[in-house]
Amino acid sequence: MCVDNLIRSVDAQPFGGGELSAGRWVVAASEDVRIVAQGEQSIDLIIVDDEADVPSVIDIEVPARGVLNIVQVVTKACDHKVDIRIGEQAEVNMTQLVLSAAEVATRTHLNGENGRFQLGGSFVLTDEERGSVTVDVEHAVANCVSRTAYRGVASGKAQGRFSGLVYIAKDAQKTDAEQLSRNVTMDEALIHTEPQMEIYADDVRCSHGATVGQMDEDAILYMRQRGLSKADAKRLQIHGFVADTTLHASIAGCGEAMMELLMDKLAKL
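Just so it is clear, the structure is predicted and the values come from calculations on it, not from any experiment.

Parameters at a glance
Position numbers for residues start from 1 in each chain and track the written sequence from start to end. With the structure being a predicted model, the display of local features is reserved for residues of pLDDT at least 70 and the display and counting of side-chain atom pairs for 80 or more, all residues being used for whole-chain, interface and lining totals. Hydrogen atoms and water are omitted, and side-chain values are computed over all heavy atoms in the structure. At least two DSSP bridges between two strands are needed for those strands to be called paired. The helix count covers DSSP runs of H or I at least four residues long, the strand count covers runs of E at least two residues long, and both are numbered beginning at the N terminus. The axes used here are C-alpha line fits, helices contributing only the stretch in contact, and every angle between their N-to-C directions lies in the interval 0 to 180 degrees. Any cysteine sulfur atom paired with another within 2.5 Å is treated as part of a disulfide. Buried means the residue's accessible area, taken with a 1.4 Å probe over protein chains only, is under 20% of the maximum for its type, while exposed means over 50%, and partly exposed covers the values in between. Any pair of Phe, Tyr and Trp rings, taking the six-membered ring for Trp, is counted once the centres come within 6.5 Å. Such a pair is stacked with planes under 30 degrees apart, edge-to-face with planes over 60 apart, and tilted for the rest. A ring has a charge above it when a Lys NZ or an Arg CZ is no more than 6 Å from the ring centre and no more than 35 degrees off the ring normal. Note on definitions: salt bridges are taken to be side-chain nitrogens of Lys or Arg within 4 Å of carboxyl oxygens of Asp or Glu. An angle below 35 degrees is read as roughly parallel, one above 145 as roughly antiparallel, one from 65 to 115 as roughly perpendicular, and any other as oblique. Whether a crossing is left-handed or right-handed is set by the direction in which the near helix is turned from the far one by less than a right angle, anticlockwise for left-handed and clockwise for right-handed. Two residues qualify as a contact provided that any one of their heavy atoms is within 4.5 Å of a heavy atom in the partner residue. For this classification, Asp, Glu, Lys and Arg are treated as charged, while Ala, Val, Leu, Ile, Met, Phe, Trp, Tyr, Cys and Pro are nonpolar and the rest, including Gly, are polar.

**Considering the sheet that holds strand S6 (residues 56-62)**
Working step 1: The strand order across the open sheet formed by 8 strands is S2-S4-S6-S8-S10-S12-S14-S16, and the pairing between neighbours is parallel. Edge strands, defined here as strands with exactly one partner in the open sheet, are strand S2 (18-20) and strand S16 (190-199). The sheet shows a mean angle of 15° between the axes of neighbouring strands, direction not considered.
Working step 2: Relative to strand S4 (residues 33-37), S2 runs parallel, the two being bridged by 3 bridges.

**Let's talk about unusual backbone geometry**
Working step 1: Phi is positive for Glu-40, which is not a glycine, with a value near 60°.
Working step 2: One can find Glu-40 in the loop between S4 and strand S5 (42-48).
Working step 3: Despite not being glycine, Asn-143 has its phi angle at roughly 65°, a positive value.
Working step 4: Take Asn-143: it is sitting in the loop between strand S12 (130-139) and strand S13 (145-154).

**Quick notes on the state of the cysteines**
Working step 1: Within this structure, the stated rule accounts for 0 disulfides.
Working step 2: With no disulfide of its own, Cys-144 lies closest to Cys-206 among cysteine sulfurs, the gap being 12 Å.
Working step 3: Look at Cys-144 and you get buried, because its relative accessible area is 0%.
Working step 4: By relative accessible area, Cys-206 is classed as partly exposed at 27%.

**As for the packing of aromatic side chains**
Working step 1: Inspection of every chain in the model, using the stated rule, returns 4 aromatic pairs.
Working step 2: Between Tyr-150 and Phe-162, the ring centres sit 5.6 Å apart and the planes meet at 35°, which makes this aromatic pair tilted. Of this pair, Tyr-150 sits in strand S13 while Phe-162 sits in strand S14 (residues 159-168), and the two are 12 residues apart along the sequence.
Working step 3: By relative accessible area, Phe-162 is classed as buried at 1%.
Working step 4: Put simply, the rings of Phe-123, Tyr-150 and Phe-162 touch in pairs and so form one group of aromatic residues.
Working step 5: Geometry around Phe-241 places Arg-151 over its ring, the cationic atom sitting 5.3 Å from the centre.

**Brief notes about the pattern of salt bridges**
Working step 1: With the rule as written, the count across this model stands at 15 salt bridges.
Working step 2: Residue Glu-178 is joined to Arg-147 by a salt bridge in which the shortest nitrogen-to-oxygen separation is 3.6 Å. Taken together, the positions of Glu-178 in strand S15 (residues 175-185) and Arg-147 in strand S13 put the pair 31 residues apart, joining distant regions of the chain.
Working step 3: With relative accessibility at 34%, the residue Glu-178 sits in the partly exposed group.
Working step 4: Measuring nitrogen to oxygen at the nearest pair gives 3.5 Å for the salt bridge that ties Arg-151 to Asp-244. Here Asp-244 lies in helix H3 (residues 230-246) and Arg-151 lies in strand S13, a separation of 93 residues in the sequence.

**A few points about the packing of H3 against helix H4 (residues 254-266)**
Working step 1: Direction vectors running N to C along H3 and H4 enclose 150°, while the axes themselves pass 11 Å from each other. Taken together, the axes of H3 and H4 are roughly antiparallel relative to one another. Relative to H4, H3 is oriented so that their crossing is right-handed. Here Arg-235, Ile-238, His-239, Val-242, Ala-243 and Thr-246 of H3 lie close against H4, whose contacting residues are Gly-255, Met-258, Met-259, Leu-262, Met-263 and Leu-266.
Working step 2: Of the residues contributing to the contact of H3 with H4, the split by class is 8 nonpolar, 3 polar and 1 charged.

Shown next as structure tokens:
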């Protein structure tokens, strides 16, 4: 399944930048794009690759009481950055799926009180691919919430990296922030994970953690005893590991289409 089929499956309309109104839209990350989401509306935005292999920045502003749901799918080697500014009582829900040797960075600034940012993402690297994901969240004001949960998979001789920073300014009291990185490696693959928090406020609730482990060999043996090949058993286990994030995509209707893209990638394991 290609990305075009994903777009058709959710009936998203092309968008080239500017003011974003209620609806379901798709933007190609081929060049720098500035987006201002209208306040007090719920908007869906899909960010996809295209043929251009140039660094790009998607600059997004969500004003007071706006709700923006984002799905980003990366299937080609690229250098993509998404910068998000969230206003008072505004909310951004984001799902990322990275299936290539890409450099993908998301930087979010919670600039208005009672803002909320949630990101669930996965990357899958195979063969000798090299890729990295960066998620930086800045809490500049009080009473904001952020949740980051990322899952990484690498096989063959691939190398992946997750780098995350939650920055909590002195005035950002009552911050509620979580950051989690879970990773699975196979063969000779490596994943480096670097979750970090910088906290300058004294009334906060924060947590972060990271794990890097091998596949569950007992589960693989169990599946092989029931007729699956070793390769199919690995694919099934990775499917389950990533599905929790991907199937619950922030835009309704995207989850199953994204899982089909994932299965195309898993066929290379």
